[in-house]
Amino acid sequence: MKTLVLNGPNLDRLGKREPEIYGSQTLADLADLCVTTGKELGLDVDFRQTNHEGELLEWLHEAADNGYPVVLNAAAWTHTSIAVGDACAQLTAPLVEVHLSNVHKREPFRHHSYISAYAAGVIAGLGAEGYAAALRYIAE
Ligand code: DQA
């Protein structure tokens, strides 16, 4: 089953970006983990990242039109974008919201998500393992 793993802004900076919060793994490391885990689970993982909100919206529309499950780390747009929330509302297959860091331990503006209401579940604070757990949930 094709599964989209979608990543939002600044996540291309993983490895260099605030390593005390996000760790030393790069986006390429995260992509490798997701593709390898997906293969073990029988999922065809398509891993993507964008710094352009419209591009993420189009990827979510693609998932809605094709019934693809989605693992989504919308990064800062999680907390700001009604448009991303509205796109998530159109999904028919399971959506899992993932954050590398535990957003609930951080600044109050990170505690609200426009996505969670449409997600089967939310995983925050487990680093890359959160993405693997999300894929395991989808495979089941
Ligand atoms: C993040 C948490 C967000 O608050 C932040 O804006 C990010 C990354 C995470 O993976 O921990 O860019 O989604």
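Residues numbered from 1 in each chain as written. Predicted model: local features only at pLDDT ≥ 70, side-chain atom pairs only at ≥ 80, totals over all residues. Heavy atoms only, no water.

Colleague: Before we go on, may I ask you to explain the sheet that holds strand E4 (residues 95–99) in this structure?
Modeller: Hydrogen bonds between backbone atoms are what pair the strands of a sheet, whose relative direction is either parallel or antiparallel. Pairing is parallel across the open sheet formed by 5 strands, whose spatial order is E2-E1-E3-E4-E5. Looking at which strands have only one partner, the edges of the open sheet turn out to be strand E2 (44–49) and strand E5 (121–124). Ignoring strand direction, the axes of neighbouring strands in this sheet form an average angle of 15 degrees. Sheet topology places E4 next to E5; 4 bridges connect them, and they run parallel. (Pairing = 2+ DSSP bridges. Helix = DSSP H or I, 4+ residues; strand = E, 2+ residues; numbered from the N terminus. Axes fitted to C-alpha atoms, helices over the stretch in contact; angles between N-to-C directions.)

Colleague: Can you walk me through the site of the ligand in this structure?
Modeller: Taken together, Arg17, Tyr22, Asn73, Ala75, Ala76, His79, His99, Leu100, Ser101, Val103 and Arg110 make up all the residues around the ligand. Leu100 is positioned such that a nitrogen or oxygen atom in its backbone is 2.8 Å from an oxygen atom of the ligand. A distance of 2.9 Å separates an oxygen atom of the ligand from a polar atom in the side chain of Arg110. Taking 320 Å² as the accessible area of the ligand by itself, protein coverage stands at 99%. The residue makeup of the shell around the ligand, split by class, is 5 nonpolar, 4 polar and 2 charged. (Near = heavy atom within 4 Å. Polar contact = N/O pair within 3.5 Å; in protein donor to acceptor, adjacent residues only side chain to side chain. Areas by Shrake-Rupley, 256 points an atom, 1.4 Å probe, with all protein chains shown as cover. Nonpolar A, V, L, I, M, F, W, Y, C, P; charged D, E, K, R; others polar.)

Colleague: Even after reading the chapter, I still don't get the UniProt feature "active site" (unreviewed entry) in the protein chain, so can you show me in this structure?
Modeller: UniProt records the feature "active site" (unreviewed entry) at Tyr22 and His99, using the numbering of this structure. Across 78 residues of sequence, these annotated residues stay compact in space, with a maximum C-alpha separation of 9.7 Å. A residue is classified by how much of its surface remains accessible, and Tyr22, at 13% relative accessible area, is buried. With sequence-adjacent residues up to four places away left out, Tyr22 is seen in contact with Leu14, Arg17, Leu100, Ser101, Arg106 and Arg110. Here His99 is to be found in strand E4. You can call His99 buried: its relative accessible area is 5%. (UniProt positions renumbered as here; feature names shortened; annotations may be inferred. Buried < 20%, exposed > 50% of the residue type's maximum accessible area, 1.4 Å probe, protein only. Contact = heavy atoms within 4.5 Å.)

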